[in-house]
Amino acid sequence: MSGFGEPIVRREDPRLLTGQGHYVDDLGPDALAAAFVRSPHAHARIVDIEVDGALDVDGLVAIYTWEDLPGRVGERLPLLIPHPALTHGRTGYPLARDVVRHVGEPVVMVVARDRYVAEDAAERIQVLYEVLPPVVGLRDAADATRLVHEDVPGNVGAHLVQEVPGADGAGAPAAIDAAPHVLEFRLDIERSAATPLEGRGVYARWDRDDRSLRVYSSTQASTSVRAAIAAKLGLPATKVEVIAPDVGGGFGVKIVHPWPEEVLVPWAARLLDREVKWAEDRREHFVAAAHERAQIHFVRVGFDDDGRVLGLDVRILHDHGAYTPYGIIVPIITSTQLLGPYKPGAYRVEFTSLYTNTVIVTPYRGAGRPQAVFCMERTMDRIADFLGRDRTRIREVNFIQPGEFPFDHGLLFQDGRPLIYDSGDYPELLRKAKNLIGWDGFEEVRAEAAARGRRVGIGIAGYVEGTGVGPYEGGHVEIDTSGRVHVSTGLTSQGQGHHTVFAQIVASELGVPIEDVIVTTGDTRRFGYAVGTFASRAAVMSGNAIALACRKVREKALRIAGEALEADPRDLEITDGVVHVRGDPSASVPLRTVAVLSNPLRYAFDEEVERATQFASGGSPDEPPVAPGDEPGLEGRDYYSPPRSTFAAGMHAAIVDVDPDTAEVRILKYAVVHDCGRMINPRIVEGQIHGGVAQGIGGALYERMIYDQAGQLLNASFMDFLMPYATEIPHIETDHLETPSPLNPLGIKGAGEAGVIPVSAVIAAAIEDAEGIRIDAMPISPDEIFRLRSRAAAGEPGLAVRPRQVS
């Protein structure tokens, strides 16, 4: 049956690999095309917009500025996730009104016969700007001599403090002051971005007879996009359909809704009574979508002679860009997930989220956790270096132990619920990771490399990831009269293998061949209520909802079959789509027949119906075995809402070689041990981990957004934005631990982001071990390693780390 736990190949792949996928830009070949005039300045006042030069372009259909947008269409975009700490949340308009606040902000929308004509017309539109001084980077923002928004003092959008006292009731500052040892340092992570292969895209068509709108969007939240479009255009939600076709990657950037284009393209389609489409080009994605990661962390930690953390105080500066449409989720996650698998005696965390004249910041795969893990794991390494201890020993003395679950950290997580870890075994994760990477035998590897003139180092890092955040997801399951099982859920898919794992759940729950299961995601016509695909939540949320819906269907199927077979439903089971008496397969009825019986009719429309009805009623088609009050059909719908998040965990380790001459970093070995509870499909879990590690390596060694002081993004193309090739990604060795979650029926946790989360921390630790030079900022390049070598050779204090041996 290829059910739960089996490592089957993804069912989606043959269609996608043979070019049969359908993405937004594959649709609507005859649709009008939209293009946008975007701001070339990071901060400027719009003085005038002159469109006369574009009016004679053959094929031009329409030009729109903010002044052309009626009613709610022209209002500010929504702030999706408000928070009490976000005292100065600001969002932009679909088209800029009066002031632009980052390069790439849309100012004018052009609609034309095709994209070529639309771009030609856009180039002829002249926008007169009064350039204003920009705020670029956290130093500028914190300095606050210039403001992004005139009504936001100090550029501070949000400020939040959370504190948990130690066992003696003392707060973190007091615990640190009283500790035998204290360290203070700064850690930096630079800005990067998701950059999926497919950018954003929207295609809309208006049915004037039905007064309904159908929208295809490359989104991670089709039902939320529908709600936003309906509200902005003043349409009933029942008159708006939003479909996510095949989506070429998301990684978080497509969870924002609505993007300006998701409002403007449907609005123009209705206004013009024509199909309209917009597909983002690569430069647009760099300057007009979303970035993440940029944070500075000021750490103060107190610890005892064994390395046990007695108090930890972290102050975070977060760059959220020009607007806050997605609230302050990223720094909230950093501040709460920073603790990882450890239990410091007392903890205080404070973050300040600042406006800059740069692209907005929203969650990107990992969503604040890579920064958190970098901060905590570098802290563990600092303590180990100070005490001259093996780095893994320091981790061991600070671990939450298996017998301490559920473990309450006393903080509020991103979902507003308590930060309580549900299950885990962190010492076992460490043991497995050490074995996988060869930690205890590494000194022999180091000595052998040194004899060849090479510098090698080893690093390790652990993490805990909150997954499966609420509030809910739903699932619908229906068995038709052919025996096929139709499954739908509202969240969307961007390559995670949902159509495979959801089908495996159904095959296991209903006892049907997986080939008979058909899964639909991200289509509001099939399922109208959903939250979205983000935060490693799809398997936990929709997986459990689908399982619950299956159990409703199973219960009804066994009841109807029991009537037909004159058997107690408790004595029945389903195997390969056939209901039969346990121990007596000859007393059986196929599910397709049960589906017929579930919908009694007073006439027979084919031989199968006639045979089934007569079989079930002893020859009388007027007495089918359906309980009074039953709804017709063999189907079920259910929703799953968790009491709180589940928490996956893992441990990564790596061995790197740093070239003594060129400072090029080569990863010789990479190992991952991951615990996501019960695995639905181990092959897909490994694929998710491998992809995440590849993204993490990009973030550690290559990828960064480089802004100049004018707020211009200098590397807004794949010619200039470095990414790892397959040649830079090592073979990844994996092992798994399964500690089921007690919070959901399937006992599962999320796995989608685990691969990326600790990579910067691991690589930094390994480079530091190889070079004997402190690594406090990521990503890091050979040029930066050269500079660190020079500074260390000149005797700059604080850069050198003591020679290490693992034991």
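Residues numbered from 1 in each chain as written. Predicted model: local features only at pLDDT ≥ 70, side-chain atom pairs only at ≥ 80, totals over all residues. Heavy atoms only, no water.

1. Looking at the overall build of the protein
So, point 1. For the protein, the helix and strand inventory stands at 19 helices and 29 strands.
So, point 2. At 29 Å, the protein has a C-alpha radius of gyration in line with the 28 Å of a compact globule built from 807 residues.
So, point 3. Taking the principal axes of the C-alpha coordinates as reference, the protein spans close to 95 × 75 × 55 Å.
So, point 4. When burial is assessed residue by residue, the protein has 62% of its 807 residues classed as buried.
So, point 5. A fraction of 80% describes how many contacts in the protein between residues 6 or more apart in sequence connect residues 24 or more apart. (Helix = DSSP H or I, 4+ residues; strand = E, 2+ residues; numbered from the N terminus. Rg over C-alpha atoms; globule rule 2.2 N^0.38 Å. Buried < 20%, exposed > 50% of the residue type's maximum accessible area, 1.4 Å probe, protein only. Contact = heavy atoms within 4.5 Å.)

2. Focus on the packing of helix H5 (residues 222-233) against helix H6 (residues 260-272)
The packing of two helices is summarised by the inter-axis angle and the distance between the axes.
So, point 1. Remark: H5 packs on H6, axes separated minimally by 10 Å, with the N-to-C direction vectors making an angle of 55 degrees. Looking at the two axes, H5 sits oblique to H6. Viewed along their axes, H5 and H6 form a crossing whose handedness is right-handed. For the pair formed by H5 and H6, the contact residues are Val225, Ile229, Lys232 and Leu233 on the first element and Glu262, Val263, Pro266, Trp267 and Arg270 on the second. (Axes fitted to C-alpha atoms, helices over the stretch in contact; angles between N-to-C directions. Parallel < 35°, antiparallel > 145°, perpendicular 65-115°, else oblique. Left-handed = near helix turned anticlockwise from the far one by under 90°.)

3. A few points about the layout of surface pockets
So, point 1. Space inside the second largest pocket adds up to approximately 1,000 Å³.
So, point 2. Lining of the second largest pocket is provided by 35 residues; of these, Arg186, Asp188, Ile189, Glu190 and Ile296 occupy positions nearest its centre.
So, point 3. Of all the secondary structure elements, the ones that give two or more residues to the lining of the second largest pocket are helix H3 (137-143), strand E8 (181-189), strand E13 (295-303), strand E14 (309-319), strand E29 (777-778) and helix H19 (782-793).
So, point 4. A breakdown of the residues in the lining of the second largest pocket according to their chemical character gives 18 nonpolar, 4 polar and 13 charged. (1 Å grid on protein atoms, 1.4 Å probe; cavity = no way out; pocket = protein on both sides within 12 Å on 5 of 7 lines; lining within 4 Å. Points joined across faces, edges and corners; volume = space filled by probe spheres on them. Nonpolar A, V, L, I, M, F, W, Y, C, P; charged D, E, K, R; others polar.)

4. Some remarks on helix H14 (residues 538-565)
Given 3.6 residues per turn, any residue in an α-helix points the same way as the ones three and four places further on.
So, point 1. The terminal C-alpha atoms of H14 lie 38 Å apart, and with 28 residues this matches the ideal 40 Å at 1.5 Å per residue to within 8%.
So, point 2. Taken across its 28 residues, H14 has 20 buried, putting it largely inside the fold.
So, point 3. One or two steps after H14, the chain reaches Glu566, where phi turns positive at roughly 55 degrees. (Expected span 1.5 Å × (residues − 1).)

5. A look at the environment of Arg559
So, point 1. Counting through the fold element by element, Arg559 comes out in helix H14.
So, point 2. In this structure the C-alpha to C-alpha distance between Arg559 and Val594, which are 35 residues apart in sequence, comes to 9.7 Å.

6. Some details on the sheet that holds E29
So, point 1. Across the sheet, 6 strands lie side by side as E7-E15-E14-E13-E8-E29; this open sheet has mixed pairing. Because the sheet does not close on itself, it has two edges, and the strands there are strand E7 (156-164) and E29.
So, point 2. Across 9 bridges, E8 lies against E13 in antiparallel orientation. Each bridged residue has a counterpart across the sheet, and for Val182 the counterpart in E13 is Gly302.
So, point 3. This element, helix H9 (residues 369-387), spans E8, E13, E14 and E29 of the sheet and lies at about 145 degrees to E8. (Pairing = 2+ DSSP bridges.)

7. Section: helix H8 (residues 329-337)
So, point 1. Burial of H8 is extensive: 9 of the 9 residues sit out of reach of the surface.
So, point 2. Considered for burial, the residues of H8 that qualify are Ile329, Val330, Pro331, Ile332, Ile333, Thr334, Ser335, Thr336 and Gln337.

8. Here we look at the packing of helix H17 (residues 682-701) against helix H18 (residues 759-771)
So, point 1. Relative to each other, H17 and H18 sit at 55 degrees, their axes nearing to 8 Å. It follows from the interaxial angle that H17 and H18 lie oblique. Our pair here, H17 against H18, has a crossing hand that is right-handed. Here Val693, Gly696, Ile697, Gly699, Ala700 and Leu701 of H17 come into contact with H18, specifically with Val759, Ser760, Ile763 and Ile767.
So, point 2. Looking at the contact of H17 with H18 residue by residue, the classes come out as 7 nonpolar, 3 polar and no charged.

9. Here's the deal with the confidence of the model for the protein
So, point 1. This prediction gives the protein a mean pLDDT of 94; 96% of its residues lie at or above 70.
So, point 2. Counted against residues more than four places away or in other chains, residues 616-622, with its pLDDT under 50, gives 10 contacts. (pLDDT = per-residue confidence, 0-100.)

10. Here we look at the packing of aromatic side chains
So, point 1. Scanning all chains against the criterion turns up 15 aromatic pairs.
So, point 2. Look at Phe303 and Phe386: their rings are 5.6 Å apart centre to centre, the planes differ by 85 degrees, and that puts the pair in the edge-to-face class. Placement of the pair is Phe303 in strand E13 and Phe386 in helix H9, with a sequence separation of 83 residues.
So, point 3. Grouping aromatic residues by their ring pairs yields a cluster made of Tyr342, Phe399, Phe405, Phe413, Tyr421, Tyr426 and Phe647.
So, point 4. Over the face of the ring belonging to Trp259 we find Arg200, whose NZ or CZ atom lies 4.3 Å from the ring centre. (Phe/Tyr/Trp six-rings, centres within 6.5 Å; stacked < 30°, edge-to-face > 60°. Lys NZ or Arg CZ within 6 Å of the ring centre and 35° of its normal.)

11. Section: the pattern of salt bridges
Where charged atoms from two side chains of opposite charge approach closely, those side chains can pair.
So, point 1. Throughout the structure, instances matching the rule amount to 62 salt bridges.
So, point 2. When the shortest N-O distance is used, the salt bridge between Arg431 and Glu428 registers 2.6 Å. Of the two residues, Arg431 and Glu428 both sit in helix H11 (residues 426-437), 3 residues apart, roughly one turn of that helix.
So, point 3. Residues participating in the shared-partner salt-bridge network are Arg38, Arg115, Glu119, Arg200, Glu261, Glu280, Asp281 and Glu284. (Salt bridge = Lys/Arg side-chain N within 4 Å of Asp/Glu carboxyl O.)

12. Observations regarding the environment of Ser218
So, point 1. Along the chain, the position of Ser218 falls in the loop between strand E10 (212-217) and H5.
So, point 2. Distance in space between the C-alpha atoms of Ser218 and Val202 is 6.7 Å, their sequence separation being 16 residues.
So, point 3. A polar side-chain atom of Ser218 sits 2.8 Å from a polar atom in the side chain of Lys254. (Polar contact = N/O pair within 3.5 Å; in protein donor to acceptor, adjacent residues only side chain to side chain.)

13. Quick look at unusual backbone geometry
So, point 1. The amide bond that connects His257 to the next residue, Pro258, takes the cis arrangement and shows omega of -10 degrees.
So, point 2. Along the chain, Pro258 falls in the loop between strand E11 (240-243) and H6.
So, point 3. Phi is positive for Asp98, close to 75 degrees, though the residue is something other than glycine.
So, point 4. Considering the arrangement of structural elements, one finds Asp98 in the loop between strand E3 (60-64) and strand E4 (99-100).
So, point 5. Taking relative accessible area as the criterion, Asp98 reaches 48% and is therefore assigned partly exposed.
So, point 6. Unusually for a residue other than glycine, Ala367 sits at a positive phi of about 50 degrees.

14. Some details on the nonpolar core
So, point 1. Grouped together as the largest cluster of nonpolar side chains are 103 residues, with contacts concentrated most on Leu312, Tyr670, Ile763 and Ile767.
So, point 2. Apart from the residues within four sequence positions on either side, Ile767 is in contact with Val656, Val658, Val665, Leu701, Gly772, Ile775, Ile780 and Ile785.
So, point 3. One finds Ala507, Ala561, Val579 and Val581 within the second-largest nonpolar core, a separate group that totals 49 residues. (Core = buried A, V, L, I, M, F, W, Y, C linked by side-chain atoms within 4.5 Å.)

15. Regarding the sheet that holds strand E27 (residues 665-675)
So, point 1. The sheet built from 4 strands is open, its strands ordered E18-E26-E27-E28 with mixed pairing. Every interior strand has two partners, whereas the edge strands, strand E18 (455-467) and strand E28 (732-736), have only one. Across the sheet, the axes of successive neighbouring strands diverge by a mean angle of 15 degrees, strand direction being ignored.

16. Here we look at the environment of Pro196
So, point 1. In this structure, Pro196 sits in the loop between E8 and strand E9 (201-207).
So, point 2. Sequence separation of Pro196 and Lys254 is 58 residues, and the distance between their C-alpha atoms is 9.5 Å.
So, point 3. Aside from chain neighbours lying at most four places away, what touches Pro196 is Gly248, Gly249, Gly250, Phe251, Val253, Lys254, Arg282 and His285.

17. Considerations on the side chain of Asp480
So, point 1. Along the polypeptide, Asp480 turns up in the loop between strand E19 (473-479) and strand E20 (485-489).
So, point 2. On the accessibility criterion, Asp480 (17% relative accessible area) is buried.

18. Quick notes on the pairing of E10
So, point 1. Here E10 lies mainly inside the structure; 5 of its 6 residues are buried.
So, point 2. Examined bridge by bridge, E9 and E10 share 6 bridges and lie antiparallel to one another. In the sheet register, Asp207 faces E10, and the bridge partner there is Ser212.
So, point 3. In this antiparallel pair of consecutive strands, E9 and E10, the connection spans 4 residues, and Arg211 shows a positive phi of 50 degrees.
So, point 4. Relative to E11, E10 runs parallel, the two being bridged by 4 bridges. Looking across to E11, one finds that Leu213 is bridged to Val240.

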